[in-house]
Amino acid sequence: MTRLATVVAVLLFFLVSISSSATGTRDLIGDVLRLPSEASRFFGAGDGGADQQEDGTVGTRWAVLIAGSNGYWNYRHQADICHAYQLLKKGGLKDENIVVFMYDDIAYNEENPRRGVIINSPHGDDVYKGVPKDYTGEDVTVNNFFAAILGNKTAITGGSGKVVDSGPNDHIFIYYSDHGGPGVLGMPTSPYIYADRLIEVLKKKHAAGTYQSLVFYLEACESGSIFEGLLPEGLNIFATTASNAEESSWGTYCPGEYPSPPPEYETCLGDLYSVAWMEDSDIHNLKSETLHQQYELVKSRTASDNSAYGSHVMQYGDIGLSKNNLFVYMGTNPANDNYTFMPQNFFRPSSKAINQRDADLVHFWDKFRKAPEGSPRKAQAQKEFLEAMSHRMHIDESMKLIGKLLFGIKKGPEVLSAVRPAGQPLVDDWDCLKTMVRSFETYCGSLSQYGMKHMRSLANICNAGMTKEQMAEASAQACVNVPSGRWSSLHRGFSA
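Rules used in this analysis
Residues numbered from 1 in each chain as written. Predicted model: local features only at pLDDT ≥ 70, side-chain atom pairs only at ≥ 80, totals over all residues. Heavy atoms only, no water. Salt bridge = Lys/Arg side-chain N within 4 Å of Asp/Glu carboxyl O. Helix = DSSP H or I, 4+ residues; strand = E, 2+ residues; numbered from the N terminus. Buried < 20%, exposed > 50% of the residue type's maximum accessible area, 1.4 Å probe, protein only. Core = buried A, V, L, I, M, F, W, Y, C linked by side-chain atoms within 4.5 Å. Pairing = 2+ DSSP bridges. Contact = heavy atoms within 4.5 Å. Polar contact = N/O pair within 3.5 Å; in protein donor to acceptor, adjacent residues only side chain to side chain. Expected span 1.5 Å × (residues − 1). Disulfide = S-S within 2.5 Å.

Please clarify how the pattern of salt bridges should be interpreted in this entry.
Two side chains with opposite charge may pair up if their charged atoms get near one another. A full pass over the atoms with the stated rule returns 22 salt bridges. R377 is the partner of E111 in a salt bridge, and the nearest nitrogen-oxygen pair spans 2.9 Å. Of the two residues, E111 is situated in the loop between β2 (98-101) and α4 (142-150) and R377 in helix α10 (residues 376-407); the sequence distance between them amounts to 266 residues. Relative accessible area serves as the criterion here: at 16%, E111 is assigned to the buried category. As a salt-bridge pair, K162 and D134 come within 3.2 Å of each other at their nearest N and O atoms. Placement of the pair is K162 in the loop between α4 and β3 (171-177) and D134 in the loop between β2 and α4, with a sequence separation of 28 residues. Just as K162 is buried, D134 falls in that class too. Residues participating in the shared-partner salt-bridge network are E111, E266, K367, R377, E384 and R486.

Explain the nonpolar core here, please?
A general tendency of soluble globular proteins is for nonpolar side chains to be buried together. F145, F216, F227, L433, L458 and I461 are the most contacted members of the largest nonpolar core, which totals 72 residues. Per-element tally for this core: the top contributor is helix α12 (residues 430-444), with seven residues. Counting 48 residues, the second largest nonpolar core, distinct from the first, contains Y75, Y128, V131 and L291.

When you look at the sheet that holds strand β12 (residues 354-355) in this model, what are you seeing that I'm missing?
In a beta sheet, neighbouring strands pair by backbone hydrogen bonds and run either parallel or antiparallel. Ordered by their spatial adjacency, three strands build an open sheet running β10-β9-β12, and the pairing between neighbours is antiparallel. Two strands lie at the open edges of the sheet, namely β10 (270-271) and β12, each paired on one side alone. The pairing of strand β9 (residues 250-252) with β12 spans two bridges and is antiparallel. Paired with G251 across the bridge in β12 is I354.

Honestly, the sheet that holds strand β4 (residues 180-181) in this entry has me stumped. Any pointers?
Strand order in the open sheet formed by three strands is β4-β5-β6, and the pairing between neighbours is antiparallel. The open sheet has two edge strands, β4 and β6 (193-194), and neither has a second partner. Bridge count between strand β5 (residues 184-185) and β6: two bridges; the pairing is antiparallel. Its bridge partner being in β6, L185 is matched across the sheet by I193.

Just to check I follow, could you spell out the environment of D105 for this structure?
Relative to the helices and strands, D105 is located in the loop between β2 and α4. As a C-alpha pair, D105 and G137 span 32 residues in sequence and 7.8 Å in three-dimensional space. Excluding anything up to four places from it in sequence, D105 contacts N70, G71 and Q78. Of the polar contacts made by the side chain of D105, one reaches the side chain of Q78; its length is 2.8 Å.

Honestly, helix α5 (residues 195-207) in this entry has me stumped. Any pointers?
Within an α-helix, residues lying three or four positions from one another point in the same direction, as the helix has 3.6 residues per turn. For α5, built from 13 residues, the straight-helix expectation of 18 Å at 1.5 Å per residue is met to within 8% by its first-to-last C-alpha distance of 18 Å. Listed in full, the buried residues belonging to α5 are A195, D196, L198, I199, V201, L202 and K205.

Even after reading the chapter, I still don't get the state of the cysteines, so can you show me in this structure?
Two cysteines joined by a covalent bond between their sulfur atoms form a disulfide. For the coordinates displayed, the defined rule picks out three disulfides. Shown here is the disulfide that connects C432 with C462, its sulfur atoms set 2.2 Å apart. Its S-S torsion of about -100° marks the bond between C432 and C462 as left-handed, since a negative value means left-handed. Residue C432 is found in helix α12, and its partner C462 is found in helix α14 (residues 455-463); the two are separated by 30 residues along the sequence.

Teacher, can you tell me more about unusual backbone geometry here?
As a rule of thumb, non-glycine residues mostly have phi less than zero, and peptide bonds are mostly trans rather than cis. Residue S190 is joined to P191 through a cis peptide bond whose omega torsion reads 0°. Following the sequence through the fold, P191 ends up in the loop between β5 and β6. Of note, the bond from Y258 into P259 is cis; its omega dihedral lies within 30 degrees of zero at 0°. Inspection of the secondary structure assignment puts P259 in the loop between β9 and β10. In this model, E222 sits at a positive phi of 50°, which is unusual for a non-glycine residue. Within the secondary structure, E222 sits in the loop between β7 (213-219) and β8 (237-241). Look at E222 and you get buried, because its relative accessible area is 7%. The backbone of Y253 shows a phi angle near 55°, a positive value even though the residue is not glycine. Along the chain, Y253 falls in the loop between β9 and β10.

Before we go on, may I ask you to explain the environment of F146 in this structure?
Within the element layout of this structure, F146 appears in helix α4. What makes F146 buried here is its relative accessible area of 4%. Residues F146 and V201, 55 residues apart in the sequence, show an inter-C-alpha distance of 6.6 Å. F146 has contacts with I193, R197, L198 and V201, leaving out every residue within four places of it along the chain.

The structure is reproduced here in structure tokens:
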């Protein structure tokens, strides 16, 4: 037997012995052993099957990070985004491949006790330093966000002009943090992001053939409604959300919690789901942790084993992608090479968390509580708190009255609060929903970040077949007076 024949025989014997001894764990397509070119997946290597280059992936990693709010009381959203940037930067992503949207009114805000510094946890480092300010202020718009995802530079207005100029072998990570509601995500400018348009953009990106896989992490109330019944399989997109389609997400590291922010802070520093995935990613070698493993860990931490202070993290789209390692999308910090993923969740959940929609009240109240008696600061905090409460009561009562005017005193509340079966989208006609939003806001003032909770009621009005004329008439009757505070103002335009 020649030397070549001997080598071939030994190799065949090795492959046969592996296939027969690893039946419980082998990765087969049918009963066919993977070809040598697919050996990395057979042996469980960390890129989920991409042809390996030196860093373990093919193509380029891209990221889009967006904080959809402004105002110091929403500190946590920009803190989340800045933290995500630092994580990706340490993972090896280049600034030219990370697109950042943030209003940028927090770091140097007069309320910030550490000027020029943003932290995302009580003992955390500054996460603001070095963050690219691609789109800030009034340039944080829906159209710029969509154009950046699509790589459409000509559709961009203002900002750096940076877009996701990706190719067919590239991997994209999108992370959004802000307030939301059924079928909608907030923005610091008008209009807001509606689920139907976002899904259209993702489908268009897929049709262009400009990515291999895309992962979307979404922090917002009712964030599951953005994908439920809308994101199909087959787009090579894996999405996880901070909550299901019917519940709030939660702020964390808030005044009065344990652990609390430093005493000079009067606001929540982070969001429960967001902090969970980032603090996990911060300390592990992401070549050894899959998307699914992180999903399970984050789900456990965000639920907090207590339905009163937690939400149900969900997953949508091509669930099979979750076997990919996080490294494919986020890279990994070389300092963590010896820290492989542990399935036990050693992060202790907060003893308490704050409903996203109440975090502004927590800020105003803590500010009021700490301010000296008789001081202008105390008076201002009281004014802000009362304005926010007045707006909430106005929105809630107006919506209830509209329901009764349209459907009757008994049936109105039932129609507005109805929830469709799981797997169905929020509404059949998204244009109708946006029309109803504009009708409501024309007569009743802005929904604002709090009022997004009523999107399901407006969707149900559409699903019940009501016309825009009927909605306009009911809104005009319900809203004789509108609060004069900033929350109800339409100076930024309609939400839809």
